[in-house]
Amino acid sequence: MEKVVSIETNRRLPDSADWDLDKKQDVELVKGLGLTSATMLVMGSMIGSAIFIVSAEISREVNSPALLIGAWLVTGLLTVVAGLSYGELAAMMPHAGGQYVYLREALGPLWGFLYGWTLFLVIQTGTIAAVSVAFGKFLGIFFPSVSSSNWIVHFWKIPPIPIGPMVLGNIDTGLNTQNLAAILAVITLSVINIFGLKVGALIQNVFTFVKISALLALTLLGLSIGRNAEAVAANFRGNFWHNASWVGQHAVHIGVGGPTVMVSTLTILAVAQVGSLFAADAWNNVTFTAGEVRKPSRNLPLSLALGTGTVIALFIACNFTYLSILPLEGTASGATILERGIQYATEDRVATAVMSQMLGSKGEALMAIAVMVAGFGCCNGLILAGSRVYYAMAKDGLFFTSVAKLHPTYKTPAVSLIVQMIWACMLCVSGSYGQLLDYIIFAVLVFYILTIVGLFVLRRTRPDAERPYRAFGYPVLPAIYIVMALFIDGVLLRYKPQYTWPGLIIVVLGVPVYLLWSRRSVPAS
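Treat the numbers as computed from the prediction; the structure is a model and nothing was measured.

Could you clarify how one ought to interpret the pattern of salt bridges in this entry?
Following the criterion strictly, the structure yields 9 salt bridges and no others. Of the charged contacts in the structure, one is a salt bridge between Asp348 and Arg60, with a shortest N-O distance of 2.9 Å. Placement of the pair is Asp348 in the loop between α14 (337–340) and α15 (350–359) and Arg60 in helix α3 (residues 55–62), with a sequence separation of 288 residues. The exposure class assigned to Arg60 is partly exposed, which follows from its relative accessible area of 29%. Across the pair Arg462 and Glu105 runs a salt bridge whose closest N-O atoms are separated by 3.5 Å. Taken as a pair, Arg462 in the loop between α18 (433–461) and α19 (476–495) and Glu105 in helix α5 (residues 99–107) lie far apart in primary sequence, 357 residues in all.

Listed below in structure tokens is the structure:
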């Protein structure tokens, strides 16, 4: 069935059959995810390697124990409120593609396409590449031959290319043993996920359980036997609120090579969201698999609430653990772990420094294993979920037609998994995934804002649609999210242009692609 679109506004005209069409398409998929698996997908996609690293950068920006925790609290509020808001949309439209479908139905097919375009080009595949390369990096601790400097084929080094407030390039492209390990992980997980949803879900459940156990163990050990008197004195006893006054001023370096300016406490908390929001992202991936969730009207909202709430609580507890073992402030030239502190932990690996301080070399090895497990499980969730978005786009005629085909036996989007795998592997070899990820958090936040705006739009345009769950705190909490997220995006545009304009450019480039694709394509049957 063709979808009816207004040529002048590029907005979908109301058509009650649209959701019926999605339901018919989803009948082909296997309903293999219950509440436990859906919740594990939320948590497993959120817990990657970032929680073990980004607190170093945040600490350098805020220079205050209270503001380090404050940054994670802001992230937690935004994430949980967004999860509660998405719960209504997920229960209302439990179809494959999730957020892509919500944007398409609320704001029109162009906005759905732009999200899917950015997801495929950068967000999902770039994150898969980054997480899998981190897996290879920590694998090198046990097998030194796995290294970014151990080249198998070195293509070339792209020199630094200054463009306004940004510096592009400065990356090596080619195949080394580290990104080979990453590529093998991506290929292995992509192929495994072809062999049925239950297989991928089982891997997700096992690795997520191990990750949660590792985070709990880190927190409990750190807050009990690992507490360091020097760190506690430096970060708490009268020093917790250091530099955290509401009228305080904080230094921010604008762009690359730009001036340093002083900003307010609220502004510095917004700047710090680049790291913490990225660490807590991918919670929405469960919506991509909505067509395969049993009792979706109940299980999707519950999984979003339980998953986001649990992980955010663990992340905040982990940061209290960091503050209990290492002083926040340190120096880059420090000779010991304590002298370097959280701010200048070696290669920003805060959790590794914490475990080394507690348990010595054994702690470092245990942390490396934890990061590898976290990365492998996170990568599996991203691979499983992301493929469902391109499948839904192809069903709408907005992606390669073959991507809409399911495996004849296992009923998984096999072609979509393979296409995603190929692009993620290319990003691993290109060496550009790190820069791409720097650029996406602004765009990710824009799409979250648009989706929650869509919640308001659908309340108005489809007031009689069945809503098994209604967003908690509507309209106040969703409105607070929009205001806070707009403030953060505005701050990033002003003070971190190197992270914002490239992301916007990637999104905008999708407009002519959409216009070309929508004219030549028809929805898949």
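Let us keep going from here.
Explain the packing of aromatic side chains here, please?
When we look at a pair of aromatic rings, we describe it by the centre distance and by the angle of the planes. Tallied over the entire structure, the rule returns 23 aromatic pairs. Note on Phe207 and Phe376: the rings are 5.1 Å apart at their centroids and 45 degrees apart in plane angle, and the pair reads as tilted. With Phe207 in helix α8 (residues 197–223) and Phe376 in helix α16 (residues 361–395), this residue pair connects regions lying 169 residues apart in the sequence. Of the residues examined, Phe376 reaches a relative accessible area of 18% and is grouped as buried. Feature note: the residues Phe120, Tyr390, Phe399, Phe400, Trp423 and Trp517 constitute an aromatic cluster, connected by ring pairs. We note Arg459 situated over the ring of Tyr474; from NZ or CZ to the ring centre the distance is 3.8 Å.

Honestly, empty space enclosed by the protein in this entry has me stumped. Any pointers?
Unoccupied space between atoms shows up once a probe the size of one water molecule is rolled over them. Under the defined criterion, the tally for this structure stands at 2 cavities of 30 Å³ or more. For the largest cavity, the calculated volume is near 100 Å³. Lining of the largest cavity is provided by Leu78, Thr79, Ala82, Leu277, Ala280, Asp281, Trp283, Ile441, Val444, Leu445, Tyr448 and Tyr481. At the level of secondary structure, the elements contributing two or more residues to the lining of the largest cavity comprise α4 (65–92) and α18. With 4 residues, α18 is the largest single contributor of residues to the lining of the largest cavity. Tallied by class, residues from the lining of the largest cavity come to 10 nonpolar, 1 polar and 1 charged.

When you look at the side chain of Ser190 in this model, what are you seeing that I'm missing?
With respect to the helices and strands, the residue Ser190 is situated in helix α7 (residues 177–194). A distance of 2.8 Å separates a polar atom in the side chain of Ser190 from the backbone oxygen of Val186. The contacts of Ser190, once residues within four sequence positions are left out, are Ile383, Leu417 and Met421.

When you look at the packing of α8 against α16 in this model, what are you seeing that I'm missing?
When two helices pack together, their arrangement is given by the angle between their axes and by how far apart the axes lie. The N-to-C vectors of α8 and α16 enclose an angle of 145 degrees; their axes lie 9 Å apart at closest approach. Crossing of α8 against α16: the hand is left-handed. Of the residues in α16, those touching α8 at Leu197, Gly200, Ala201, Ile203, Gln204, Phe207, Val210, Lys211 and Ala214 are Ala370, Val373, Ala374, Phe376, Gly377, Cys378, Asn380, Gly381, Leu384 and Arg388. The residue inventory of the contact of α8 with α16, partitioned by class, reads 12 nonpolar, 5 polar and 2 charged.

How do you make sense of the pairing of strand β3 (residues 250–253) when you look at a structure like this?
The side chains of a regular strand alternate between the sheet's two faces. In β3, alternate side chains face the same way, and those of His250 and Val252 are buried while those of Ala251 and His253 on the opposite face are not. Here 4 bridges tie β3 to strand β4 (residues 260–263), and the two strands are oriented antiparallel to one another. Pairing of Val252 across the sheet is with Val261, part of β4.

Any chance you could explain α3 here in plain terms?
Residues that lie three or four places apart on an α-helix share one face, since the helix turns once every 3.6 residues. Counting buried positions over the 8 residues of α3 gives 6, a clear majority of the element. Every buried residue of α3 is listed here: Ser55, Ala56, Ile58, Ser59, Glu61 and Val62. Looking at the buried side of α3, the elements it contacts are α4, β3, α10 (265–271), α11 (273–279), α13 (296–325) and α15. Looking one or two residues beyond α3, the residue adopting positive phi is Asn63, at roughly 55 degrees.

What exactly am I supposed to notice about a positive patch on the surface here?
A cluster of like positive charges, contributed by Lys198, Arg294, Lys295 and Arg298, occupies part of the molecular surface. In this structure, Lys295 sits in the loop between α12 (285–288) and α13.

Where do I start with the environment of Ile342 in this structure?
For Ile342, the location among the structural elements is in the loop between α14 and α15. The residues touching Ile342, leaving out its near neighbours within four places in the chain, are Ser55, Ala56, Ser59, Tyr322, Leu323, Leu326, Pro327, Leu328 and Val350.

For this particular structure, what's the right way to read the environment of Ser147?
Position of Ser147 relative to the elements: it lies in the loop between α6 (109–142) and β1 (151–163). A distance of 2.9 Å separates a polar atom in the side chain of Ser147 from a polar atom in the side chain of Ser149.

Could you clarify how one ought to interpret α4 in this entry?
With 28 residues, α4 extends 41 Å between its outermost C-alpha atoms, agreeing within 8% with the 40 Å of an ideal straight helix rising 1.5 Å per residue. Most of α4 is tucked away: 24 of the 28 residues are buried.

Quick question: what am I supposed to make of the packing of helix α2 (residues 35–46) against α13 here?
It is the contact of α2 with α13, at a shortest axis distance of 8 Å, that shows an interaxial angle of 40 degrees. Taken as axis vectors, α2 and α13 run oblique relative to one another. The hand of the α2/α13 crossing is right-handed. When α2 is examined against α13, the residues Leu35, Ala38, Thr39, Val42, Met43 and Met46 are found in contact with a partner set consisting of Arg298, Asn299, Leu302, Ser303, Leu304, Leu306, Gly307, Thr308, Thr310, Val311, Ile312 and Phe315. When the residues that make up the contact of α2 with α13 are grouped by side-chain class, the tally is 11 nonpolar, 6 polar and 1 charged.

How should the nonpolar core be read in this particular structure?
Nonpolar side chains in soluble globular proteins generally cluster together in the buried interior. One finds Phe52, Trp72, Tyr322 and Tyr481 to be the most contacted residues of the largest nonpolar core, which totals 164 residues. Looking at this core element by element, the count peaks at 18 residues for α16. In contact with Tyr481, not counting residues within four places along its chain, are Leu78, Val81, Ala82, Leu445, Tyr448, Ile449 and Ile452.

What's the story with a nonpolar patch on the surface in this structure? I'm lost.
The grouping of Ile141, Phe142, Phe143, Leu221, Ile225, Leu359, Leu366 and Ile369 at the surface amounts to a nonpolar patch, some 710 Å² of accessible area in total. Elements with a contribution of two residues or more to the nonpolar patch: α6 and α16. On the secondary structure map, Phe143 appears in the loop between α6 and β1. In this structure Phe143 comes out as partly exposed when scored by relative accessible area, which is 49%.

Reading guide: rules and limits
- Residue positions within a chain follow its written sequence, with the count starting from 1.
- In keeping with the model being predicted, local features are shown solely for residues with a pLDDT of at least 70 and side-chain atom pairs are shown and tallied solely at 80 or more, while totals for entire chains, interfaces and linings include all residues.
- Heavy atoms throughout the structure, all of them, feed into the side-chain values; hydrogens and water do not.
- A pairing counts as a salt bridge when a side-chain nitrogen of Lys or Arg comes within 4 Å of a carboxyl oxygen of Asp or Glu.
- Secondary structure elements are taken from DSSP: a helix is a run of H or I of four residues or more, a strand is a run of E of two residues or more, and numbering for both begins at the N terminus.
- Accessible area is worked out with a 1.4 Å probe on protein chains only. A residue is then buried under 20% of its type maximum, exposed over 50%, and partly exposed in between.
- Stacked, edge-to-face and tilted are the three classes for Phe, Tyr and Trp ring pairs, Trp counted by its six-membered ring, which pair at centre distances within 6.5 Å; planes under 30 degrees apart are stacked, over 60 edge-to-face, the rest tilted.
- For a ring to carry a charge above it, either NZ of a lysine or CZ of an arginine must fall within 6 Å of the ring centroid while also lying within 35 degrees of the normal to the ring plane.
- In the cavity and pocket records, a cavity denotes points on a 1 Å grid over the protein atoms alone where a 1.4 Å probe fits but cannot get out, a pocket denotes an open set with protein on both sides within 12 Å along at least 5 of 7 lines, and lining residues are residues with an atom within 4 Å of a point.
- Grid points are joined across faces, edges and corners, and a volume is the space filled by probe spheres set on the points.
- Three classes are used, and their members are as follows: Ala, Val, Leu, Ile, Met, Phe, Trp, Tyr, Cys and Pro are nonpolar, Asp, Glu, Lys and Arg are charged, and the others, Gly among them, are polar.
- Distance and chemistry together define a polar contact, namely a pair of N or O atoms within 3.5 Å, with one atom able to donate a hydrogen and the other to accept it when in protein, and with adjacent residues in sequence counting only for side-chain atoms on both sides.
- Contact definition: two residues touch when any of their heavy atoms are within 4.5 Å.
- Angles shown run from 0 to 180 degrees and are taken between the N-to-C directions of axes, each axis being a line fitted to C-alpha atoms and, for helices, limited to the stretch in contact.
- Each crossing gets its hand from how the near helix is turned against the far one by less than a right angle, where anticlockwise is left-handed and clockwise is right-handed.
- Strand pairing follows a simple DSSP-based rule, namely that at least 2 bridges must link the two strands.
- Here a patch means residues that are over 30% exposed by relative accessible area and free of salt bridges, tied together within 9 Å if like-charged and within 5 Å if nonpolar (Val, Leu, Ile, Met, Phe, Trp, Tyr).
- In short, Shrake-Rupley with a 1.4 Å probe defines the accessible areas, and a residue's cover is counted only from the protein chains shown.
- Asp and Glu count as negative and Lys and Arg as positive, but His and the ends of the chain are not part of the count.
- Taken as the charge location is NZ of Lys, CZ of Arg, CG of Asp or CD of Glu.
- Expected span of a helix, by definition, is 1.5 Å for each gap between consecutive residues, and there is one gap fewer than residues.
- Our angle categories are set so that under 35 degrees counts as roughly parallel, over 145 as roughly antiparallel, 65 to 115 as roughly perpendicular, and the remainder as oblique.
- What makes a nonpolar core is a set of buried Ala, Val, Leu, Ile, Met, Phe, Trp, Tyr and Cys residues whose side-chain atoms join them at distances within 4.5 Å.

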